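Geometric and topological summary
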Amino acid sequence: MSVTAIVRQNRERNKTSSEKLGQNRNNDLKEMDFKMNKLLKKMMVALLSLGLAQAVWADKVPDFKEMLQVAEQGNAKAQFSLGKMYYEGRGVHQDYAEAARWYLKAAEQGYPAAQNNLGTMYAKGQGVRQDPVQAEQWYRKAAEQGYAQAQYNLGVMYDNGRGVRQDYTQAVQWFGKAAEQGIAEAQFSLGKMYYEGQGVRQDYAEAARWYLKAAEQGDPVAQNNLGVAYAKGQGVRQDPVQAEQWYRKAAEQGYAQAQYNLGVMYDNGRGVRQDYTQAVQWFGKAAEQGIAQAQFNLGVMYANGQGVRQDDAQAVQWFSKAAEQGHAQAQFNLGVMYEKGQGVRKDYVEAVKWYRKATEQGLANAQFNLGVMYDNGQGVRQDPVQAEQWYRKAAEQGYAQAQYNLGNMYANGQGVRQDYAQAVQWFGKAAEQGLANAQYNLGVAYANGQGVHQDLVQAEQWYRKAAEQGFAEAQYNLGVMYAKGEGVRQNYKIANEWFGKACNNGLQQGCDVYRVFNQAGY
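Within the protein one finds 28 helices and zero strands. For the protein, the proportion of its 522 residues judged to be buried stands at 46%. Sequence-distant contacts, at least 24 apart, represent 42% of the contacts inside the protein between residues at least 6 apart. When the accessible area of the protein is evaluated, it comes to approximately 26,000 Å², of which 45% is carbon and sulfur surface.

Given below as structure tokens:
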């Protein structure tokens, strides 16, 4: 927006003031218009004198020639201004080499803004050969004169180890100098150094203090990080309401991570009333910007019909986007969708492909599912040895169903040499995690003395754990133990109760015995 346009807006804005104030304001603005027009004319004449084909904004070309002469005679400020015009392409064709030439003239005279900008050109390789060492030298010249932006840039060089040896302590020093002068990026960077304990002792309170300074200047990354601090109670009192407010400020500026975080708050109902529709909205904004976790969450919302109409095809699309970025859980979910034919045509080969990708990241449920595919010969050639290997990987991560399946493989001698002791070990691990079929199998092992010393008391205890979860076979076996008085005191009434439960859970054998016991008066 031109200066004249800003002046025009100010005039309109002040029409509601008193007549006297309005007249004074208009008189002041007219003086500004006159001065700005004169300056613009001079700038355009300068461009014309450089031989550039530009529109003529002014009618006094000789005035600008005088201005150019000032720059050529060594006026540092004029040299810097010409460099900036070439850099930004304002009034002239953008020309980084010409910008660097004028910045250099001003920089060699000690003009700090030119030194900083010349440093940036060396850092980026704009108009000059990229040279981080030269960049650091020019930043330092400006920084040592107290030029805040150069102090920040020098801090970045030390933080990243570009042009200098990486030195977090030096980075903190220069970020601190720039931060004290109000540079928002430096305030954020200093907060991050305190948060991570780089170059300083870790201090969440100090991190939050600097994040706040940058956040109050509208820095979206600082606003997001301050939200995280309030959400976790790091350096500030935990306050989900404050967290939501800071996330929202950053999210409304389009900062993707904050959009995701705000979606999480609506999803969980923390700091705001739970609202799946709002969660979907914010996950969607972050997902469109490529945040993989947001894409995954959006897929889950579509799969479950939370905040949107249930739509497996949409779920597949969002899982695919996250999966392509390497999101392991999305890769697993995509595999499940292909295996079951939800939202896509059933395709075991494609399911195996995505399970395998997730296994490469160590995801236990994917390792288990891949084992099942090898076990059943779905999408791959049936191979019990491969099945056992994948079950083992998942089992060693504590995945209960894999521990149970691995126990079965040892019990049946599939893919491994039959080994009841190993079977009992893996059934035990799964049983301790509450898996009913593992508890039942462990009861069978103790009842029969397979892989362990026969122990009917232990058998009864494991049958009971499974039976209380509604496992019909365990309920029936527990009834048998009470009927025979094995591992427990004989009690036909209790035996019949367990036979009845087994019958109710669909076990015909339980129904048959229950009928007999009822006829006998139990």
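Here we take up the state of the cysteines. In the structure shown here, the tally under the stated rule is one disulfide. Sulfur-sulfur distance for the disulfide between cysteine 503 and cysteine 511 comes to 2.0 Å. As the torsion about the S-S bond is roughly 90°, the cysteine 503-cysteine 511 disulfide counts as right-handed.

With that out of the way, let us pick up the packing of aromatic side chains. According to the stated counting rule, one finds 19 aromatic pairs in the structure shown. Between tyrosine 492 and tyrosine 522, the ring centres sit 5.0 Å apart and the planes meet at 55°, which makes this aromatic pair tilted. Taken together, the positions of tyrosine 492 in helix 27 (residues 492–504) and tyrosine 522 in the segment after helix 28 (508–519) put the pair 30 residues apart, joining distant regions of the chain. Accessibility expressed as a relative area gives 32% for tyrosine 492, which makes it partly exposed. One aromatic cluster in this structure is built from Tyr476, Tyr492, Phe499, Phe517 and Tyr522. Taking NZ or CZ as reference, lysine 141 lies 5.7 Å from the ring centre of tryptophan 138, over its face. Above the ring of tryptophan 282, the side-chain terminus of lysine 285 is found at 5.7 Å from the ring centroid.

Let us look at the confidence of the model for the protein. On average, residues of the protein score 89 in pLDDT, and 87% of them are at 70 or above. Note that pLDDT drops below 50 for residues 1–64; the model gives that stretch 56 contacts with residues more than four away or on any other chain.

Okay, helix 17 (residues 312–324) next. The end-to-end C-alpha separation of helix 17 is 18 Å, in line with the 18 Å expected for 13 residues at 1.5 Å each. Along helix 17, the residues that are buried comprise Ala315, Val316, Trp318, Phe319, Ala322 and Ala323. Structurally, helix 17 contributes buried residues whose contacts are with helix 15 (276–288), helix 16 (292–304), helix 18 (328–340) and helix 19 (348–359). Two or three places before alanine 313, at the start of helix 17, stands the capping residue aspartate 311, its side-chain oxygen 3.1 Å from that residue's backbone nitrogen. Following helix 17 by one or two positions, glycine 326 has its phi on the positive side, about 90°.

Rules and cut-offs
Residues numbered from 1 in each chain as written. Predicted model: local features only at pLDDT ≥ 70, side-chain atom pairs only at ≥ 80, totals over all residues. Heavy atoms only, no water. Helix = DSSP H or I, 4+ residues; strand = E, 2+ residues; numbered from the N terminus. Buried < 20%, exposed > 50% of the residue type's maximum accessible area, 1.4 Å probe, protein only. Contact = heavy atoms within 4.5 Å. Areas by Shrake-Rupley, 256 points an atom, 1.4 Å probe, with all protein chains shown as cover. Disulfide = S-S within 2.5 Å. Phe/Tyr/Trp six-rings, centres within 6.5 Å; stacked < 30°, edge-to-face > 60°. Lys NZ or Arg CZ within 6 Å of the ring centre and 35° of its normal. pLDDT = per-residue confidence, 0-100. Expected span 1.5 Å × (residues − 1). Polar contact = N/O pair within 3.5 Å; in protein donor to acceptor, adjacent residues only side chain to side chain.

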